[in-house]
Amino acid sequence: MWEDRYKLIRRRVIWLIGQWIPVKFKSDLRPLLYEVILTLMQDPDLVVRIETATTLKLNILPKFQAVQTGTKFSIKLRSPVDDFEFRTEQFLPYLESIFGLLFQLLQQVTECDTKMQVLHVISCVIERVNTQIRPYVGCLVQYLPLLWKQSEEHNMLRCAILTTLIHLVQGLGAESKNLYPFLLPVIQLSTDVSQPPHVYLLEDGLELWLVTLENSPAITPELLRIFQNMSALLGELTEDFSFL
């Protein structure tokens with residue numbers, strides 16, 4: 001069924017699986033689901049691969065849903081009826097292959113909204129497996145600076161990058177210090193209220209700053225330099241950022 005004429009069927013099948021997951025999906029079937037996802041993530045049809053990534057997200061993040069309010073996305077709890085237990089140990093045998101295919105998909109898609117969608121799936125994977133993602137993030141770490149540069153005119157995509165960095169820093173722990181040449185300038189820009197993009201980037205930038213400090217093995221002069229933004233921030237902030 002790899003012929004081009006069957007691509008609509010493959011799209012519909014993986015969509016139907018995605019609709020079924022939040023309703024009722026037996027735990028012992030999840031390894032079979034990951035086999036299907038692994039296969040369809042290599043489908044010749046780009047739309048099938050994107051739909052498969054969305055199905056993966058529904059499986060690994062069933063307790064939450066993304067809610068858009070204006071230009072911001074927030075995460076809210078779903079009702080308990082929609083929830084089921086995700087077992088990390090069932091997913092780990094597929095982690096390296098699926099994460100590599102997600103990274104390939106991120107590079108292949110060209111539309112800003114689609115890149116945001118794939119980045120969200122990648123963020124969910126990193127959040128779920130936490131420190132066990134460390135052996136597989138090398139290519140993503142190298143690619144994110146390029147994507148950040150390319151998204152200069154797309155602040156919502158940059159918000160998605162910031163979210164990915166938050167989970168990446170948490171997963172890498174003290175090893176995240178290796179990201180500082182890219183990470184610290186990103187935090188500096190995102191929390192500088194004199195820069196126009198801060199309107200979009202500030203909230204995620206502050207959270208990234210916090211997790212970077214929490215996971216830093218030592219306070220470096222470069223980290224301290226970002227605190228130059230603090231006085232202007234205190235005068236600018238009017239909302240209650242509960243994570244501060």
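See the structure above.
Everything numeric in this text was worked out from a predicted model, so none of it was measured. (Residues numbered from 1 in each chain as written. Predicted model: local features only at pLDDT ≥ 70, side-chain atom pairs only at ≥ 80, totals over all residues. Heavy atoms only, no water.)

A. Inspection of the overall build of the chain at higher detail. Of regular secondary structure, the chain possesses eleven helices and two strands. Along the chain, from the amino end to the carboxyl end, the secondary structure elements read α-α-α-β-β-α-α-α-α-α-α-α-α. Burial analysis of the chain (244 residues in total) assigns 46% to the buried set. Restricting to contacts in the chain with at least 6 residues of sequence separation, those with at least 24 account for 69%. Just so you have it, the chain exposes about 12900 Å², and 54% of that area is on carbon and sulfur atoms. (Helix = DSSP H or I, 4+ residues; strand = E, 2+ residues; numbered from the N terminus. Buried < 20%, exposed > 50% of the residue type's maximum accessible area, 1.4 Å probe, protein only. Contact = heavy atoms within 4.5 Å. Areas by Shrake-Rupley, 256 points an atom, 1.4 Å probe, with all protein chains shown as cover.)

B. Molecular detail of unusual backbone geometry. In this structure, N130 takes a positive phi of about 55 degrees despite not being glycine. Mapped onto the elements of the fold, N130 is located in the loop between α5 (112-129) and α6 (138-150). Judged by relative accessible area, N130 falls into the partly exposed class, the value being 36%.

C. Up close: helix α4 (residues 88-108). Within α4, the axis deviates most sharply at Y94, by approximately 60 degrees. Looking at α4, one finds that the buried residues are T88, Q90, F91, Y94, L95, I98, F99, L101, L102, F103, L105 and L106. Where the residues of α4 are buried, they touch α2 (30-40), α3 (46-60), α5 and α6. (Bend = angle between axes of the 7 residues up to and from the residue.)

D. The arrangement of the packing of aromatic side chains in detail. What the rule picks out here adds up to five aromatic pairs. Taken together, a centroid distance of 5.6 Å and an interplanar angle of 50 degrees make the contact between Y34 and Y94 tilted. Note that Y34 is positioned in helix α2 and Y94 in helix α4, a separation of 60 residues in sequence. Judged by its relative accessible area of 0%, Y34 is buried. Aromatic pair W209 and F227: ring centres 5.1 Å apart, planes at 65 degrees, arrangement edge-to-face. Highlighted residues: W209 in helix α9 (residues 198-214) and F227 in the loop between α10 (221-226) and α11 (230-236), separated in sequence by 18 residues. (Phe/Tyr/Trp six-rings, centres within 6.5 Å; stacked < 30°, edge-to-face > 60°.)

E. Main features of the environment of N229. Structurally, N229 can be placed in the loop between α10 and α11. On the basis of relative accessible area, N229 is assigned to the buried category, the value being 7%. Separated by 41 residues in the primary sequence, N229 and Q188 place their C-alpha atoms 7.6 Å from one another. Residues in contact with N229, not counting those within four places in the same chain, are Q188, T191 and D192.

F. View of the environment of V121. Of note, V121 is situated in helix α5. Separated by 65 residues in the primary sequence, V121 and L56 have C-alpha atoms spaced 7.5 Å apart.

G. Structural detail: the pattern of salt bridges. Going through the model one piece at a time under the given rule, you end up with three salt bridges. D45 is paired through a salt bridge with R11; the nearest N and O atoms lie 2.9 Å apart. Of this pair, D45 sits in the loop between α2 and α3 while R11 sits in helix α1 (residues 7-20), and the two are 34 residues apart along the sequence. Judged by its relative accessible area of 11%, D45 is buried. Looking at R11, the relative accessible area reads 22%, which means it is partly exposed. In this structure, E175 and R134 form a salt bridge, with 3.8 Å as the shortest nitrogen-oxygen distance. Of the two residues, E175 is situated in the loop between α7 (155-172) and α8 (180-190) and R134 in the loop between α5 and α6; the sequence distance between them amounts to 41 residues. The class of E175 is partly exposed, set by a relative accessible area of 39%. (Salt bridge = Lys/Arg side-chain N within 4 Å of Asp/Glu carboxyl O.)

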